[in-house]
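# Architecture and fold: a report
Letter by letter, the chains look like this.
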Amino acid sequence: MKLAGPLLLVGCGKMGGALLEGWLGQGLDPDLVWIVEPHQDSLQAYLARGAHLVAGPAELPAGLQPALMVFAVKPQMLADALPAYRAFADKGAAALSIAAGWRVAAFEEVLGAETPIVRAMPNTPAAVGRGMTVLCANARCDRDLRDLAADLLMAVGAVAWIDDEGLMDAVTAVSGGGPAYVFLLIECLAEAGVEAGLPADLAMQLARVTVAGAGALVDQSTEPAATLRQNVTSPGGTTQEALRVLMAEDGLQPLLTKAIAAATARSRELG
């Protein structure tokens, strides 16, 4: 990670904390990190590691000039928080945002049209280093900044770039909300096991471990997901019978397509 100056992390909740842990684990100098977070009870360990912690922007040193500002506050709080950082942008600080729904143009309106801005959509598996983040950038971002942004997000998982910011609504629907759909699958699979006669605790264990194991398998395999599915499916067997239901015209695919369409539409409305 080649930082030309301090990194200012605005917001250090679950996602901000996951990012910070990833950066420090990748060797980022804690002395370069300034954290702005009013809720500090769980953040004292970062002080011991050499990072700087303040409750609000007014407490930042007068001479501080970050090279990069990372906005990890909740989207509904960003409108009130963002104007305080315009002065840093005017002096050359770039911005990286993980706030869902906040488009690049909204940041340019507050921070200035000349500000280099990267918009990122990570998901919650970043907390265990298995996140998926999609990024897009405005025309002010040079190759060095794009590389830095990718490095920062690769510290918590995989990254991909898009040129069309309009696709971010679909990204939000698929990978941003995707973990919730998988968690629901675990709940439903466990409940189905209970209905089939299994004890509830065993049904949940089977569902959790099976989904986690299948995810690890597809991640480590070079085979397409369809091939892995076929490998599990014996002709005329029990899995094929279940898939006959799940792959019917009114089965899982049309239901997920409808769900993703609804989430994409809502993302556009919020943006």
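Residues numbered from 1 in each chain as written. Predicted model: local features only at pLDDT ≥ 70, side-chain atom pairs only at ≥ 80, totals over all residues. Heavy atoms only, no water.

What follows deals with the overall build of the protein chain. A count of helices and strands for the protein chain gives 12 helices and eight strands. A principal-axis box enclosing the C-alpha atoms of the protein chain has dimensions of 70 × 40 × 35 Å. Relative to its full complement of 271 residues, the protein chain shows a buried share of 40%. For the protein chain, the share of sequence-separated contacts (at least 6 apart) that also reach a separation of at least 24 residues comes to 60%. For the protein chain, the accessible area works out to roughly 14,900 Å², and carbon and sulfur atoms hold 58% of it. Distance from the positive charge centre (18 side chains) to the negative charge centre (29 side chains) of the protein chain: 2 Å. (Helix = DSSP H or I, 4+ residues; strand = E, 2+ residues; numbered from the N terminus. Buried < 20%, exposed > 50% of the residue type's maximum accessible area, 1.4 Å probe, protein only. Contact = heavy atoms within 4.5 Å. Areas by Shrake-Rupley, 256 points an atom, 1.4 Å probe, with all protein chains shown as cover. Lys, Arg positive; Asp, Glu negative; His and termini not counted. Charge placed at Lys NZ, Arg CZ, Asp CG, Glu CD.)

What follows concerns the nonpolar core. Residues L20, W23, I35 and L68 are the most contacted members of the largest nonpolar core, which totals 34 residues. Those elements that provide at least two residues to this core are β1 (7-10), α1 (14-25), β2 (33-36), β4 (68-71), β5 (94-97), β6 (117-121) and α6 (143-154). Core analysis: the second largest hydrophobic core is formed by 23 residues, V54, A89, A99 and I117 among them. (Core = buried A, V, L, I, M, F, W, Y, C linked by side-chain atoms within 4.5 Å.)

There is about 2,700 Å³ of room inside the largest pocket. V182, L185, V211, A214 and G215 are, among the 50 residues lining the largest pocket, the residues nearest its centre. Residue assignment for the lining of the largest pocket shows that the elements contributing at least two residues are β7 (131-137), β8 (157-161), α7 (168-176), α8 (178-195), α9 (200-220), α10 (225-232), α11 (238-246) and α12 (252-270). Of all the elements, α8 adds the most residues to the lining of the largest pocket, at 11 residues. (1 Å grid on protein atoms, 1.4 Å probe; cavity = no way out; pocket = protein on both sides within 12 Å on 5 of 7 lines; lining within 4 Å. Points joined across faces, edges and corners; volume = space filled by probe spheres on them.)

Inspection of the entire model under this criterion finds 10 salt bridges. Here R130 ties to D219 by a salt bridge, and the two come within 2.6 Å at their closest N and O atoms. With a gap of 89 residues between them, R130 in the loop between β6 and β7 and D219 in helix α9 connect regions that are remote in the sequence. Shared partners join several salt bridges into a network, and the residues in it are R103, D169 and R268. (Salt bridge = Lys/Arg side-chain N within 4 Å of Asp/Glu carboxyl O.)

It is at 8 Å that the axes of α7 and α12 come closest, and there the two elements cross at 130°. When the interaxial angle is binned, α7 and α12 end up oblique. Relative to α12, α7 is oriented so that their crossing is right-handed. Where α7 abuts α12, its residues D169, A170, T172, A173 and V174 lie against I260, A263, T264, S267 and R268. Residue composition of the contact of α7 with α12, by class: five nonpolar, three polar and two charged. (Axes fitted to C-alpha atoms, helices over the stretch in contact; angles between N-to-C directions. Parallel < 35°, antiparallel > 145°, perpendicular 65-115°, else oblique. Left-handed = near helix turned anticlockwise from the far one by under 90°. Nonpolar A, V, L, I, M, F, W, Y, C, P; charged D, E, K, R; others polar.)

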